[in-house]
Amino acid sequence: MDRKTRVILCNYTKGGAGKTTVAVHIARILTEQTPGKVLLMDCDSRPDSWKFFAGQRPSPNQARLSFPHRLDLWWNPPQSKGARFKPITKREYKQYNFVVIDADAPPEDALTLLDNTLPDIFLVPIAESQSHATEDIPIFLEDLEREIRFQRDSGIDYNPTVKIAPLGLEIEEIEAEVDIRLFSDIEIEICVPMQSLDKEIRKALKEKNLIWEYPNLADTKSYFINLIKDKKIPEVN
Ligand SMILES: Nc1ncnc2c1ncn2[C@@H]1O[C@H](COP(=O)(O)OP(=O)(O)OP(=O)(O)O)[C@@H](O)[C@H]1O
Ligand SMILES: [Mg+2]
């Protein structure tokens, strides 16, 4: 792929897994740690990432919003007719260094967005309150692997990294369900877990503040910086 834009798709097949949490914090890290321009594309019918930055739902006929600090928002909810999501045009890819996608839970939406945007990083959050949903990770990874193979079989040089982010869970809780060595065709990483902060993150999302803006939680910023550190994003260090 000769595209310069880095695409990060935040998704897991369970509601409340932490998709919006990682999408908004990572979008801000990218604008803070890199000189690049960031598009946060909210593909959820409930535009929580949009609302986080904009403070309210998009008004009718408003799907785009520009912010200071090189952050743009786009609400691109699933459509029931025609193409499920509006495509990102070549012109838009040229305009942005990073696209962060907050995708809704249905697995077919994740696969459609994979197909549409060929993300460089597939970020899979699993929050403590959804720890029962760890048992579905292998099926989710099998779906991803199949789709990634399909892209390669059609001639695309496509090697995304899949990063599983335990949010308040122990790494063992993930490892007990998934043996990443079984997925020989995709690069999978189980990231260092974030400290358990369920109440604090709920409050931050509700009050529309970044978690590191609260007293005593400033060091949570390094968690998100580390989460996004990857050889595909050399600008973050
Ligand atoms: N470090 C953490 N420790 C514990 N819980 C966390 C942590 N980070 C996030 N969570 C929890 O994860 C939950 C996920 O919230 P979030 O809205 O980001 O999920 P979502 O996947 O976007 O949900 P939805 O499917 O409704 O869009 C929140 O309840 C939040 O408290
Ligand atoms: Mg969400």
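Keep in mind that what you see is a predicted model, and the values were worked out from it rather than measured.

### Brief notes about the site of ligand 1
Near ligand 1 there are 22 residues, and of these Gly 15, Thr 20, Thr 21, Ala 127 and Gly 168 occur at the shortest range. Top element by residues in the shell around ligand 1 is helix 7 (residues 198-207). It accounts for 4 residues. Considered class by class, the residues forming the shell around ligand 1 number 8 nonpolar, 8 polar and 6 charged.

### Description of the packing of helix 4 (residues 107-117) against helix 5 (residues 137-153)
Two elements in contact, helix 4 and helix 5, have axes whose closest approach is 11 Å; the angle formed by their N-to-C orientations is 30°. The angle between helix 4 and helix 5 places the two elements in the roughly parallel class. The interaxial crossing formed by helix 4 with helix 5 has right-handed handedness. Every residue of helix 5 that contacts helix 4 at Pro 107, Leu 111, Leu 114 and Asp 115 is listed here: Phe 140, Asp 143 and Glu 147. For the contact of helix 4 with helix 5, the class distribution of residues is 4 nonpolar, no polar and 3 charged.

### Section: the packing of helix 1 (residues 19-33) against helix 8 (residues 220-228)
The contact between helix 1 and helix 8 brings their axes to 10 Å, and the two run at 85°. In terms of axis orientation, helix 1 runs roughly perpendicular to helix 8. Residues His 25, Ile 26, Ile 29 and Gln 33 of helix 1 lie in contact with helix 8, whose contacting residues are Phe 224, Ile 225, Leu 227 and Ile 228. A breakdown of the residues in the contact of helix 1 with helix 8 according to their chemical character gives 6 nonpolar, 2 polar and no charged.

### Some thoughts on the nonpolar core
Ile 8, Leu 9, Ile 26, Val 100 and Ile 101 are the most contacted members of the largest nonpolar core, which has 63 residues in total. Here this core gets 7 residues from one element, more than from any other, and that element is helix 1. Excluding anything up to four places from it in sequence, Val 100 contacts Ile 8, Cys 10, Ala 23, Ile 26, Ala 27, Val 38 and Leu 40.

### As for the pairing of strand 1 (residues 6-10)
Residues in a regular strand point their side chains to alternate faces of the sheet. Of all the 5 residues making up strand 1, 5 are buried; the element is thus mostly covered by neighbouring parts of the structure. Sheet topology places strand 1 next to strand 5 (residues 98-103); 5 bridges connect them, and they run parallel. Counterpart to Ile 8 in the pairing with strand 5 is Val 100.

### Examining unusual backbone geometry
Backbone geometry places Asn 61, a non-glycine residue, at a positive phi of 65°. Within the fold, Asn 61 resides in the loop between helix 2 (48-54) and strand 3 (64-67). Although it is not a glycine, Asn 216 sits at a positive phi angle of roughly 70°. Structurally, the position occupied by Asn 216 is in the loop between helix 7 and helix 8.

What counts, and at which threshold
Residues numbered from 1 in each chain as written. Chains lettered and ligands numbered in written order. Predicted model: local features only at pLDDT ≥ 70, side-chain atom pairs only at ≥ 80, totals over all residues. Near = placed C-beta within 6 Å. Helix = DSSP H or I, 4+ residues; strand = E, 2+ residues; numbered from the N terminus. Nonpolar A, V, L, I, M, F, W, Y, C, P; charged D, E, K, R; others polar. Axes fitted to C-alpha atoms, helices over the stretch in contact; angles between N-to-C directions. Parallel < 35°, antiparallel > 145°, perpendicular 65-115°, else oblique. Left-handed = near helix turned anticlockwise from the far one by under 90°. Contact = placed C-beta atoms within 7 Å. Core = buried A, V, L, I, M, F, W, Y, C linked by C-beta atoms within 7 Å. Buried ≥ 20, exposed ≤ 12 C-beta atoms within 10 Å, placed from the backbone. Pairing = 2+ DSSP bridges.

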